[in-house]
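Single-letter residue listing:
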Amino acid sequence: MKHYDFVEWLLYKNNALPEDMHDEMQEHLSNCDICMDIFLSLIDEKEILAAEDIIQKDFNDKVINKISENKIKVLKSKDNKRAFNYQFGYYVAVAAVTIILTFSGAYTNLVDSVPKITKSMEISEVQRPNVIVNFSEKIVNSTSAFLGSIENIERNKEGK
Ligand SMILES: [Zn+2]
(Lines give C-alpha, C1' and ligand atoms only; values in the text may rest on other atoms or scores of the structure.)
Protein backbone atom coordinates (compact mmCIF):
# COMPACT_ATOMS: atom_id res chain seq x y z
CA MET A 1 0.00 0.00 0.00
CA LYS A 2 1.31 3.46 -0.90
CA HIS A 3 1.36 5.79 2.09
CA TYR A 4 1.29 9.57 2.24
CA ASP A 5 3.92 11.58 4.11
CA PHE A 6 3.76 14.24 6.79
CA VAL A 7 3.78 17.14 4.31
CA GLU A 8 0.99 15.64 2.22
CA TRP A 9 -1.20 15.19 5.31
CA LEU A 10 -0.45 18.74 6.38
CA LEU A 11 -1.64 19.99 2.97
CA TYR A 12 -4.66 17.70 3.25
CA LYS A 13 -5.52 19.11 6.67
CA ASN A 14 -5.28 22.68 5.35
CA ASN A 15 -7.47 21.85 2.34
CA ALA A 16 -4.61 22.83 0.04
CA LEU A 17 -4.86 19.88 -2.34
CA PRO A 18 -6.82 19.32 -5.57
CA GLU A 19 -10.26 17.83 -4.94
CA ASP A 20 -9.50 14.41 -6.45
CA MET A 21 -6.32 13.98 -4.40
CA HIS A 22 -8.12 15.12 -1.27
CA ASP A 23 -10.85 12.52 -1.84
CA GLU A 24 -8.24 9.84 -2.52
CA MET A 25 -6.45 10.63 0.75
CA GLN A 26 -9.70 10.73 2.68
CA GLU A 27 -10.50 7.23 1.41
CA HIS A 28 -6.98 6.06 2.32
CA LEU A 29 -7.22 7.59 5.78
CA SER A 30 -10.27 5.53 6.67
CA ASN A 31 -8.41 2.31 5.82
CA CYS A 32 -4.86 2.98 7.04
CA ASP A 33 -3.90 3.32 10.70
CA ILE A 34 -0.31 4.30 9.83
CA CYS A 35 -1.49 7.40 7.98
CA MET A 36 -4.18 7.98 10.63
CA ASP A 37 -1.40 8.27 13.23
CA ILE A 38 0.43 10.84 11.09
CA PHE A 39 -2.78 12.77 10.48
CA LEU A 40 -3.75 12.75 14.17
CA SER A 41 -0.28 13.95 15.16
CA LEU A 42 -1.04 17.13 13.17
CA ILE A 43 -4.08 17.90 15.31
CA ASP A 44 -3.15 19.48 18.62
CA GLU A 45 -5.27 20.28 21.64
CA LYS A 46 -5.43 23.98 20.78
CA GLU A 47 -7.06 23.21 17.44
CA ILE A 48 -9.56 20.84 19.01
CA LEU A 49 -10.60 23.51 21.51
CA ALA A 50 -10.81 26.13 18.76
CA ALA A 51 -13.00 23.81 16.68
CA GLU A 52 -15.25 23.11 19.66
CA ASP A 53 -15.68 26.84 20.25
CA ILE A 54 -16.62 27.52 16.64
CA ILE A 55 -19.04 24.61 16.45
CA GLN A 56 -20.76 25.30 19.76
CA LYS A 57 -21.03 29.08 19.67
CA ASP A 58 -21.48 29.89 16.00
CA PHE A 59 -22.32 26.83 14.02
CA ASN A 60 -25.50 25.67 15.73
CA ASP A 61 -27.00 29.17 15.74
CA LYS A 62 -26.13 29.76 12.10
CA VAL A 63 -27.58 26.43 10.98
CA ILE A 64 -30.75 26.88 13.03
CA ASN A 65 -31.19 30.39 11.60
CA LYS A 66 -30.69 29.10 8.05
CA ILE A 67 -33.20 26.30 8.59
CA SER A 68 -35.76 28.73 10.04
CA GLU A 69 -35.28 31.11 7.10
CA ASN A 70 -35.80 28.33 4.62
CA LYS A 71 -38.78 26.89 6.46
CA ILE A 72 -40.51 30.25 6.01
CA LYS A 73 -39.60 30.29 2.32
CA VAL A 74 -40.99 26.77 1.88
CA LEU A 75 -44.27 27.69 3.54
CA LYS A 76 -44.58 30.75 1.28
CA SER A 77 -43.97 28.78 -1.91
CA LYS A 78 -46.22 25.79 -1.19
CA ASP A 79 -47.73 25.71 -4.69
CA ASN A 80 -44.36 25.93 -6.43
CA LYS A 81 -43.19 22.34 -6.69
CA ARG A 82 -39.78 23.19 -8.18
CA ALA A 83 -38.95 25.64 -5.40
CA PHE A 84 -39.94 23.04 -2.84
CA ASN A 85 -37.61 20.46 -4.36
CA TYR A 86 -34.76 22.95 -4.21
CA GLN A 87 -35.46 23.64 -0.53
CA PHE A 88 -35.77 19.93 0.13
CA GLY A 89 -32.26 19.37 -1.25
CA TYR A 90 -31.02 22.22 0.87
CA TYR A 91 -32.50 20.67 4.02
CA VAL A 92 -30.75 17.38 3.32
CA ALA A 93 -27.44 19.18 2.67
CA VAL A 94 -27.70 21.19 5.88
CA ALA A 95 -28.59 18.05 7.83
CA ALA A 96 -25.61 16.20 6.36
CA VAL A 97 -23.16 19.03 7.09
CA THR A 98 -24.46 19.35 10.65
CA ILE A 99 -24.04 15.63 11.24
CA ILE A 100 -20.56 15.47 9.69
CA LEU A 101 -19.25 18.46 11.64
CA THR A 102 -20.83 17.37 14.91
CA PHE A 103 -19.43 13.89 14.62
CA SER A 104 -16.03 14.88 13.29
CA GLY A 105 -15.65 17.07 16.38
CA ALA A 106 -16.66 14.27 18.72
CA TYR A 107 -14.67 11.82 16.69
CA THR A 108 -11.44 13.86 16.84
CA ASN A 109 -11.67 14.09 20.63
CA LEU A 110 -12.39 10.40 20.90
CA VAL A 111 -9.48 9.27 18.74
CA ASP A 112 -7.11 11.78 20.28
CA SER A 113 -7.71 10.48 23.80
CA VAL A 114 -7.35 6.82 22.84
CA PRO A 115 -3.53 6.68 22.42
CA LYS A 116 -3.14 8.35 25.83
CA ILE A 117 -5.19 5.63 27.51
CA THR A 118 -3.95 2.43 25.93
CA LYS A 119 -2.18 1.12 22.85
CA SER A 120 -4.24 -2.07 22.89
CA MET A 121 -7.25 -0.22 21.49
CA GLU A 122 -5.50 0.46 18.18
CA ILE A 123 -7.46 -2.23 16.35
CA SER A 124 -10.72 -0.38 16.72
CA GLU A 125 -9.16 2.75 15.20
CA VAL A 126 -9.29 1.21 11.73
CA GLN A 127 -13.00 0.52 11.99
CA ARG A 128 -14.10 3.75 13.61
CA PRO A 129 -14.23 6.00 10.51
CA ASN A 130 -16.46 3.47 8.71
CA VAL A 131 -18.79 3.22 11.68
CA ILE A 132 -19.20 6.99 11.62
CA VAL A 133 -19.77 7.09 7.87
CA ASN A 134 -22.44 4.38 8.19
CA PHE A 135 -24.02 6.15 11.13
CA SER A 136 -24.09 9.47 9.25
CA GLU A 137 -25.64 7.75 6.25
CA LYS A 138 -28.33 6.26 8.45
CA ILE A 139 -29.19 9.67 9.89
CA VAL A 140 -29.17 11.34 6.47
CA ASN A 141 -31.40 8.57 5.11
CA SER A 142 -33.86 8.81 7.97
CA THR A 143 -33.81 12.60 7.63
CA SER A 144 -34.60 12.22 3.93
CA ALA A 145 -37.46 9.87 4.77
CA PHE A 146 -38.79 12.29 7.36
CA LEU A 147 -38.61 15.25 4.96
CA GLY A 148 -40.17 13.04 2.29
CA SER A 149 -43.16 12.45 4.55
CA ILE A 150 -43.49 16.21 5.08
CA GLU A 151 -43.43 16.66 1.32
CA ASN A 152 -46.25 14.12 1.00
CA ILE A 153 -48.35 15.93 3.57
CA GLU A 154 -47.81 19.18 1.63
CA ARG A 155 -48.81 17.44 -1.58
CA ASN A 156 -51.98 16.00 -0.02
CA LYS A 157 -52.98 19.45 1.20
CA GLU A 158 -52.57 20.81 -2.32
CA GLY A 159 -54.71 18.01 -3.73
CA LYS A 160 -57.76 19.10 -1.74
ZN1 LIG B 1 -1.23 4.86 4.67
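Everything quoted here is computed from the prediction, not taken from an experiment.

(A) Molecular detail of helix α2 (residues 19–29). Where α2 is concerned, the buried positions are His 22, Met 25, His 28 and Leu 29. Seen end-on, α2 carries its buried residues on one side only, within an arc spanning 125°. Exposed residues pointing more than 90 degrees away from the buried face of α2 are listed as Glu 19, Asp 20 and Glu 27. Looking at the packing, one finds that the buried side of α2 touches α1 (6–13) and α3 (33–41).

(B) A look at the packing of α1 against α2. Two elements in contact, α1 and α2, have axes whose closest approach is 11 Å; the angle formed by their N-to-C orientations is 110°. The orientation of α1 relative to α2 falls into the category roughly perpendicular. Here α1 runs over α2; the crossing is left-handed. Here Glu 8, Trp 9 and Tyr 12 of α1 come into contact with α2, specifically with Met 21, His 22, Met 25, Gln 26, His 28 and Leu 29. Looking at the contact of α1 with α2, its residues break down into five nonpolar, three polar and one charged.

Calculation criteria
Note on numbering: residues in each chain are counted from 1, in written sequence order. Side-chain atom pairs in this predicted model are given and counted only at pLDDT of 80 or more, local residue features only at pLDDT of at least 70, and totals for whole chains, interfaces and linings cover all residues. For side-chain calculations, the full set of non-hydrogen atoms in the structure is used, while hydrogens and water are omitted. For every residue, the accessible area (1.4 Å probe, protein chains only) is compared with the maximum for its type, and the residue is labelled buried under 20%, exposed over 50%, or partly exposed between those bounds. Numbered from the N terminus, helices here are DSSP runs of H or I no shorter than four residues, and strands are runs of E no shorter than two. Working definition: the arc comes from the directions between the helix axis and the C-beta atoms, pointing outward to the latter. We call two residues in contact when some of their heavy atoms are within 4.5 Å. To get an axis, a line is fitted to the C-alpha atoms, and for a helix only the part in contact is used. The angle between two axes follows their N-to-C directions and goes from 0 to 180 degrees. Orientation categories follow fixed angle ranges, with anything under 35 degrees roughly parallel, anything over 145 roughly antiparallel, 65 to 115 roughly perpendicular, and all other angles oblique. For any helix crossing, the convention is left-handed if the near helix is rotated counterclockwise from the far helix by under a right angle, and right-handed if that rotation is clockwise. Each residue gets one label: Ala, Val, Leu, Ile, Met, Phe, Trp, Tyr, Cys and Pro are nonpolar, Asp, Glu, Lys and Arg are charged, and the others, such as Gly, are polar.

Interpretation in functional terms is not warranted from these geometric data alone.
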